[in-house]
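Examination of the molecular architecture
Given next are the chains, with one letter for each unit.
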Amino acid sequence: MSKILIAYSTNSGSTAEVAETIALELENGGHSAEVKRIADVSDLSGYDAVVVGAPMIFGWQSAARKFLKRNQSQLKEKKMAYFSCAARLTRVEEERLPQCPVVLDPNLVSSPEKPGRISLKERFTTLRYYLDPMLGAAPQICPISIAFFKGSIQMYRLKWWQAAFVMVIVQATPGDGRDWELIKSWARSLGDQF
Ligand SMILES: Cc1cc2nc3c(=O)[nH]c(=O)nc-3n(C[C@H](O)[C@H](O)[C@H](O)COP(=O)(O)O)c2cc1C
């Protein structure tokens, strides 16, 4: 049995629910799992493994990147996994994948609108655009898995300028796209490795 921390950040709450679901699934698998908002994490010493989750909001939300950067020396000694909730991910075939396994929610992934050519907007939603700052925040950490899940957009939970950004730049469709079975199966796969 491992003691696992699920440290998350969120803008409008849906990533917190994903973190809770992951914790429940890890506990069902016989581990001890604690869920904490990144801002509330003060001591990492008691954990064997840490899962860091955050939405894609101007890249992987900065709280997650700063957390990894700040705690890299301690976290590199633990088993680590990252996840993100996002609205879209443009998959460019020739993109190189990192060494660590990457899990992509099929509902999140789309191909460039014009085959062989990515538009300016698509450039900001490619796997590489998402992954580089994630892995670059703590280059000494090699997560056992990185998952990208389709998230949730509830317009009434957003500030007006966030709603405008989501509609005009991200061009995301409002609604809850979270695939709970995929999220749970990813959590179980982590449980087997922790
Ligand atoms: C201001 C803002 C910017 C966002 N930017 C992106 C983005 O660049 N790429 C993307 O895939 N999703 C983007 N999204 C969608 C969120 O990542 C998604 O809705 C996520 O599930 C929100 O999680 P939360 O409820 O935990 O905040 C953005 C959402 C907001 C509000």
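I will try to describe carefully the structure that is included in this document. (Residues numbered from 1 in each chain as written. Predicted model: local features only at pLDDT ≥ 70, side-chain atom pairs only at ≥ 80, totals over all residues. Heavy atoms only, no water.)

**Re the overall build of the protein chain**
Filter applied, for reference: Comment: elements are numbered from the N terminus, with helices defined as DSSP H or I runs of at least four residues and strands as E runs of at least two. What the globule rule says is 2.2 Å times the number of residues to the power 0.38, and the radius of gyration is computed from C-alpha atoms. Throughout, exposure labels follow a simple rule: accessible area from a 1.4 Å probe, protein chains only, divided by the maximum for the residue type, with under 20% read as buried, over 50% as exposed, and the rest as partly exposed. Contacts were defined at the residue level, with two residues in contact if any of their heavy atoms lie within 4.5 Å. For the accessible areas, the method is Shrake-Rupley and the probe is 1.4 Å, while residue cover comes only from the protein chains on display.
Counting secondary structure elements, the protein chain contains six helices and ten strands. Against the 2.2 N^0.38 benchmark of 16 Å for 194 residues, the protein chain shows a C-alpha radius of gyration of 16 Å, consistent with a compact globule. Each principal axis of the C-alpha distribution contributes one length, and for the protein chain these read about 50 × 35 × 30 Å. Counting over 194 residues, the protein chain shows a buried share of 49%. Residue pairs at least 24 apart in sequence account for 76% of intrachain contacts in the protein chain once pairs closer than 6 positions are excluded. As displayed, the protein chain has an accessible area near 9,900 Å², and 51% of this comes from carbon and sulfur atoms.

**Focus on a nonpolar patch on the surface**
Test applied: A patch is a set of surface residues, each over 30% in relative accessible area and not in a salt bridge, joined within 9 Å for like charges and within 5 Å for the nonpolar side chains Val, Leu, Ile, Met, Phe, Trp and Tyr. By definition, a salt bridge exists where a carboxyl oxygen of Asp or Glu is found within 4 Å of a side-chain nitrogen of Lys or Arg.
A surface patch of nonpolar side chains, amounting to about 440 Å² of accessible area, comprises Phe58, Trp160 and Trp161. In this structure, phenylalanine 58 sits in the loop between strand S3 (49-55) and helix H2 (62-75).

**A few points about the sheet that holds S3**
Convention followed: Here, any two strands with at least 2 DSSP bridges between them count as paired. Think of each axis as a best-fit line through the C-alpha atoms, taken over the contacting stretch in the case of a helix, with angles from 0 to 180 degrees between the N-to-C directions.
One open sheet holds the six strands; their spatial order is S2-S1-S3-S4-S8-S6, and the pairing between them is parallel. Strands at the two margins of the open sheet, each flanked by one partner only, are strand S2 (32-37) and strand S6 (102-104). Averaged over all neighbouring strand pairs, the angle between strand axes comes to 15 degrees, with direction disregarded. Strand direction decides the pairing type here: strand S1 (residues 3-8) and S2, joined by six bridges, are parallel. Looking at S2, one finds that isoleucine 4 is bridged to alanine 33. Of the strands in this sheet, S1, S3 and strand S4 (79-86) are in contact with H2, which crosses S3 at around 165 degrees.

**Section: the site of the ligand**
This is how the line gets drawn: Throughout, the term near means that a residue has one or more heavy atoms lying within 4 Å of the molecule or strand in question. Identification of polar contacts relies on pairs of N or O atoms within 3.5 Å, with a donor-acceptor requirement for protein atoms, meaning one able to donate a hydrogen and the other able to accept it, and with residues adjacent in sequence counted only if both atoms are side-chain atoms. Note on residue classes: Ala, Val, Leu, Ile, Met, Phe, Trp, Tyr, Cys and Pro are nonpolar, Asp, Glu, Lys and Arg are charged, and everything else, Gly too, is polar.
With respect to spatial proximity, 22 residues lie near the ligand, and among them Thr10, Ser14, Thr15, Met56 and Ala87 are the closest. Within the side chain of tyrosine 130, a nitrogen or oxygen atom sits 2.9 Å from a nitrogen atom of the ligand. With the chains in place, 96% of the 640 Å² that the ligand exposes on its own is no longer accessible. Listed by contribution, the elements that provide at least two residues to the shell around the ligand are helix H1 (14-28), S4, strand S9 (152-153) and helix H5 (160-170). Looking at the shell around the ligand element by element, the count peaks at four residues for H5. Of the residues assigned to the shell around the ligand, the class counts are twelve nonpolar, nine polar and one charged.

**Concerning the environment of tryptophan 161**
Tracing the backbone through its elements, the reader meets tryptophan 161 in helix H5. In this structure, the C-alpha to C-alpha distance between tryptophan 161 and leucine 104, residues 57 residues apart in sequence, is 28 Å.

**Digging into H2**
Worth spelling out the cut-off: Note that bend, as reported per residue, equals the angle between axes fitted to the 7 residues terminating at that residue and the 7 residues originating from it.
Bending of H2 peaks at approximately 45 degrees at the position of lysine 69. Among the residues of H2, Ala64, Phe67, Leu68, Asn71, Gln72 and Leu75 are the ones counted as buried. Against the buried residues of H2 lie S1, S3, S4 and helix H4 (127-136).

**Things to note about the side chain of glutamine 61**
Structurally, glutamine 61 can be placed in the loop between S3 and H2. A relative accessible area of 14% places glutamine 61 in the buried class. Setting aside its immediate chain neighbours within four residues, glutamine 61 contacts Ser9, Thr10, Asn11, Ala54 and Pro55.

Read these as layout, nothing more, since geometry by itself doesn't imply function.
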